[in-house]
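The residues making up each chain are set out below.
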Amino acid sequence: MGFSLGFFVLLAILISSCKSSGRSDSPSIFSSDQTAEAAKVVASANEDLTKIKVLYKENEGKREDIKKALETDNAEDVKKLSDQVVSLINDGSENAKSAVDKLEQAQEMQINDDYREYLRLKEESLKREQEAFENYRQAARTLRDNYDPKNAVMRDKVKEDFKKRVENYRELMEQARDYSNRANEIAKQALQQQQSQ
């Protein structure tokens, strides 16, 4: 996943940033804003993301296992592994939705513009990851429900659909990394700004 445990650390950097991006109606970090409350909401979102990361780490070899099962036309393994992937992604989806909701909630609070932009970019990153995993879930579901190595036309069609969805998964994950990197750059700039004051 694009979110790391460093997510909360970067967030703390932005919280400690003393300067808003210049809008006069935007609170500074020292005004009576909701930055501390937003940080708690985001910490809760980070707990959701940590649960997803654990699921992901524990099961990241499944894609290779499915690929190998497809190469050997092992229908039983393809269906079993695909079903496991569908279940895992279903399990992680609720946590991802919860994290997105919390990031949206934090953005609606009275916080400085840099912090808000950071959260917006992290939210966009997470949404791309959700979309990527939904693509992968659909691919696994297609394999689980339709893979038949004895029917060459259907087998090839299912394999091609799987290949396209996996490629789409990769592209969406790259977009998610881009959003996350942009957010991290904002955090880095905020830290540099704070250190130069």
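Our structure is the block above this text.
What comes next concerns the included structure.

Structurally, the position occupied by D33 is in the loop between α1 (6-16) and α2 (35-59). It turns out D33 is buried and unbridged, and the closest side chain with the opposite charge, R116, is 8.3 Å from it. Within polar-contact distance, the side chain of D33 engages the side chain of T35 at 2.7 Å.

Another point: the packing of aromatic side chains. Applying the stated criterion across every chain yields a total of four aromatic pairs. Where F133 meets Y169, the ring centres are 5.4 Å apart and the plane angle is 75 degrees; that geometry is what we call edge-to-face. With F133 in helix α5 (residues 113-146) and Y169 in helix α6 (residues 152-195), the pair connects residues that are 36 residues apart, well separated along the chain. Neither residue differs from the other here; F133 and Y169 are each classed as buried. The interplanar angle of 55 degrees and the centroid separation of 6.1 Å between the aromatic rings of Y136 and F162 together place this pair among those described as tilted. A residue pair is termed long-range when its members are at least 10 positions apart, and Y136 in helix α5 and F162 in helix α6 qualify at 26 residues. Judged by relative accessible area, F162 falls into the buried class, the value being 9%. Grouping aromatic residues by their ring pairs yields a cluster made of Y56, F133, Y136, F162 and Y169. Against the face of Y136 rests R63, its NZ or CZ located 6.0 Å from the ring centre.

Now for the nonpolar core. One finds Y115 and L119 to be the most contacted residues of the largest nonpolar core, which totals 23 residues. Taken together, the elements giving at least two residues each to this core come down to α2, α4 (75-107), α5 and α6. A total of seven residues in this core trace back to one element, the largest contributor, which is α2. Core analysis: the second largest hydrophobic core is formed by 22 residues, A132, A140, L143 and M173 among them.

This next bit is on unusual backbone geometry. Among all residues except glycine, the phi angle is most often negative; among peptide bonds, the trans geometry is most common. Here D73, not a glycine, exhibits a phi torsion of approximately 50 degrees, which is positive. Relative to the elements of secondary structure, D73 occurs in the loop between α3 (62-71) and α4. Under the relative-accessibility criterion, D73 is labelled partly exposed at 30%.

Overall, the coordinates contain 15 salt bridges when judged by the stated rule. We note a salt bridge from K102 to D48, for which the minimum N-O separation is 2.9 Å. Taken together, the residues span a long stretch of sequence, with K102 in helix α4 and D48 in helix α2 at a distance of 54 residues. By relative accessible area, which is 18% here, K102 ends up buried. Residue class for D48 comes out buried when judged on its relative accessible area of 6%. The closest approach of N and O atoms between E174 and R177, which form a salt bridge, is 3.1 Å. Pair noted here: E174 and R177 are both in helix α6, with a separation of three residues, about one helical turn. Its relative accessible area of 47% is what places E174 among the partly exposed residues. Sharing partners across several salt bridges, the network here consists of D83, R144 and D145.

Cut-offs used in this document
- Residues numbered from 1 in each chain as written.
- Predicted model: local features only at pLDDT ≥ 70, side-chain atom pairs only at ≥ 80, totals over all residues.
- Heavy atoms only, no water.
- Helix = DSSP H or I, 4+ residues; strand = E, 2+ residues; numbered from the N terminus.
- Buried < 20%, exposed > 50% of the residue type's maximum accessible area, 1.4 Å probe, protein only.
- Lys, Arg positive; Asp, Glu negative; His and termini not counted.
- Salt bridge = Lys/Arg side-chain N within 4 Å of Asp/Glu carboxyl O.
- Polar contact = N/O pair within 3.5 Å; in protein donor to acceptor, adjacent residues only side chain to side chain.
- Phe/Tyr/Trp six-rings, centres within 6.5 Å; stacked < 30°, edge-to-face > 60°.
- Lys NZ or Arg CZ within 6 Å of the ring centre and 35° of its normal.
- Core = buried A, V, L, I, M, F, W, Y, C linked by side-chain atoms within 4.5 Å.

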